[in-house]
Amino acid sequence: MDQVIELARQRIAHATHPVSFSGAGLSAESGIATFRDKNEDALWAKFDPAQLASQEGFNADPSLVMNWYNQRRKIVAAAKPNAAHMALGVQSEWVHITQNVDHLLEAGGADPDNVLHLHGSLYADHCNGECGYRENVDIADPPGLRNCPDCGAPMRPSVAWFGESLSNGIFERAISEVEKADLLLVVGTSAMVVPAASLIGIAKQNGAEIIVVNTQATETHDATDIHLTGKASETVAALFS
Ligand code: NAD
Ligand code: ZN
């Protein structure tokens, strides 16, 4: 394993356009539960995703959904970046594409302009109607269910739900970054959520070296050049030490 880490370190050191692509596993050691791990803390083991992270679920019981997100917001507000967020965050020449709705890469030092939040952010709500109104949220003390001041529709968390398309051209920006990438470091994602996961194949087709850090084997195995089995905090930190 040490030799494989060393090889990955060299590839990283020589990359001219390095990009990271992360998922919930990056933040797991900061105490934020993942969605699909095979352990009882994984969020979907306790809740029905269709009920909590879909437009249908929100329409059926908006306060249940808002309360669940507000509980998650308080957990995220108390979370600290781990060694992986900090190792990645200080790499000022890297672009970070993340599926995570926390801001722990930014807390680890990343310039917010270099972090693409594909699935939105817990730090904002937007109007569930068509008017486009959006407001920032204090995640330590988030407001409950309320109506949009512009059009009266309910406000909802500014995150991508199942079945929704990604907003504001964010996916197009991510594609353009992975097309330019000569190295993609994939950390803590099951790579099962599309279209996000397709970024790995796009990077590979455009010539990027694919290095994967995960506690388990993942769906990315066809594209993977180097698979590092281990916890994000230890393995990612070792890649930059
Ligand atoms: P996922 O839950 O589907 O998969 C997590 C992956 O991380 C798994 O492959 C698991 O083996 C791996 N993993 C777990 N602990 C790890 C560790 N310590 N080090 C390295 N790898 C570890 O997560 P995903 O692929 O991001 O799924 C997508 C959805 O989950 C996204 O839409 C994302 O918005 C949402 N999500 C985000 C957060 C967050 O913002 N922190 C938390 C939960 C879910
Ligand atoms: Zn509105």
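Our subject is the structure listed above.
What this report covers is the structure whose coordinates are included nearby. Just so we're clear, the structure is a prediction, and the values are computed from it rather than from any experiment.

### Overview of the layout of surface pockets
Moving on, step 1. There is about 660 Å³ of room inside the second largest pocket.
Moving on, step 2. Looking at the second largest pocket, it is lined by 27 residues, and the ones nearest its centre are H117, G120, R134, S167 and N168.
Moving on, step 3. Sorting the residues of the lining of the second largest pocket by element identifies β3 (115–117), β4 (120–127), β5 (134–136), β6 (155–159) and α9 (170–180) as the ones contributing at least two each.
Moving on, step 4. For the lining of the second largest pocket, the element with the highest residue contribution is β4, accounting for five residues.
Moving on, step 5. Residues of the lining of the second largest pocket, tallied by class, amount to 10 nonpolar, 11 polar and six charged.

### Let's talk about the pairing of strand β1 (residues 18–22)
Moving on, step 1. With five of five residues buried, β1 is to be regarded as a mostly interior element.
Moving on, step 2. As defined by bridge partners, β1 adjoins strand β7 (residues 183–187) across five bridges and the pair is classed as parallel. In the strand pairing of β7, F21 is matched with V186.

### Description of the side chain of S30
Moving on, step 1. Structurally, the position occupied by S30 is in the loop between α2 (25–28) and α3 (43–46).
Moving on, step 2. On the accessibility criterion, S30 (13% relative accessible area) is buried.
Moving on, step 3. One polar contact links S30 to N82, side chain to side chain, over a distance of 3.2 Å.

### Examining the sheet that holds strand β2 (residues 95–98)
Moving on, step 1. With parallel pairing, six strands are arranged side by side in an open sheet as β3-β2-β1-β7-β8-β9. Each edge of the sheet is formed by a strand with only one pairing partner; in this case those strands are β3 and β9 (226–229). Direction aside, neighbouring strands of the sheet carry axes that sit 15° apart on average.
Moving on, step 2. Direction of pairing for β2 relative to β3: parallel, over a ladder of three bridges.

### Regarding the site of ligand 1
Moving on, step 1. Inspection of the region around ligand 1 gives 29 residues, with Q99, H119, T189, S190 and N214 positioned closest.
Moving on, step 2. D102 has a polar side-chain atom sitting 2.8 Å from a nitrogen atom of ligand 1.
Moving on, step 3. T215 places a polar side-chain atom, nitrogen or oxygen, 3.4 Å from an oxygen atom of ligand 1.
Moving on, step 4. When ligand 1 sits alone it has 860 Å² of accessible area, and the protein chains cover 95% of it.
Moving on, step 5. Among the elements that make up the shell around ligand 1, the one with the highest residue count is α2 (three residues).
Moving on, step 6. Classifying every residue of the shell around ligand 1 gives nine nonpolar, 14 polar and six charged.

### Quick word on the packing of helix α1 (residues 2–14) against helix α11 (residues 232–240)
Moving on, step 1. Axis separation between α1 and α11 bottoms out at 8 Å; the angle between their running directions is 55°. Put simply, α1 runs oblique to α11. As α1 packs across α11, the resulting crossing turns out to be right-handed. The segment α1 lies against α11, with I5, A8, R9 and I12 engaging T235, A238, L239 and F240.
Moving on, step 2. Class assignment for the residues of the contact of α1 with α11 results in six nonpolar, one polar and one charged.

Procedures and definitions
- By convention here, each chain's residues receive numbers from 1 onward along its written sequence.
- Whichever chain is written first is A, and whichever ligand is written first is 1; the rest continue in order.
- Reporting in this predicted model follows two pLDDT cut-offs: at least 70 for local features of residues, and 80 or more for side-chain atom pairs to be given and counted; totals over whole chains, interfaces and linings ignore these cut-offs and use all residues.
- Hydrogens and waters are ignored; side-chain quantities use all the structure's heavy atoms.
- Of the grid points, spaced at 1 Å and generated over the protein atoms alone, those admitting a 1.4 Å probe that cannot get out make up cavities, while open sets with protein on both sides within 12 Å along at least five of seven lines make up pockets; any residue with an atom within 4 Å of a point is treated as lining.
- Grid points are joined across faces, edges and corners, and a volume is the space filled by probe spheres set on the points.
- Strands are runs of DSSP state E lasting at least 2 residues, helices are runs of H or I lasting at least 4, and numbering of each runs from the N terminus.
- Residues are grouped as follows: nonpolar covers Ala, Val, Leu, Ile, Met, Phe, Trp, Tyr, Cys and Pro; charged covers Asp, Glu, Lys and Arg; every other residue, Gly included, is treated as polar.
- For every residue, the accessible area obtained with a 1.4 Å probe (protein chains only) is divided by the maximum for its type, and the residue is called buried under 20%, exposed over 50%, and partly exposed between those limits.
- The rule for pairing is simple: two strands pair if DSSP sees at least two bridges between them.
- Distance and chemistry together define a polar contact, namely a pair of N or O atoms within 3.5 Å, with one atom able to donate a hydrogen and the other to accept it when in protein, and with adjacent residues in sequence counting only for side-chain atoms on both sides.
- For helices, the fitted line uses only the C-alpha atoms of the stretch in contact; every axis is such a line through C-alpha atoms, and the angle between N-to-C directions lies from 0 to 180 degrees.
- A molecule or strand has a residue near it when one of that residue's heavy atoms lies within 4 Å.
- Areas reported here follow the Shrake-Rupley algorithm with a probe of radius 1.4 Å; residue values treat only the protein chains shown as occluding.
- Should an angle lie under 35 degrees it is considered roughly parallel, over 145 roughly antiparallel, and from 65 to 115 roughly perpendicular; all remaining angles are considered oblique.
- Two helices crossing with the near one rotated counterclockwise from the far one by less than a right angle form a left-handed crossing, whereas a clockwise rotation gives a right-handed crossing.
- Residue contacts are defined here by distance: any two heavy atoms, one from each residue, within 4.5 Å place the two residues in contact.

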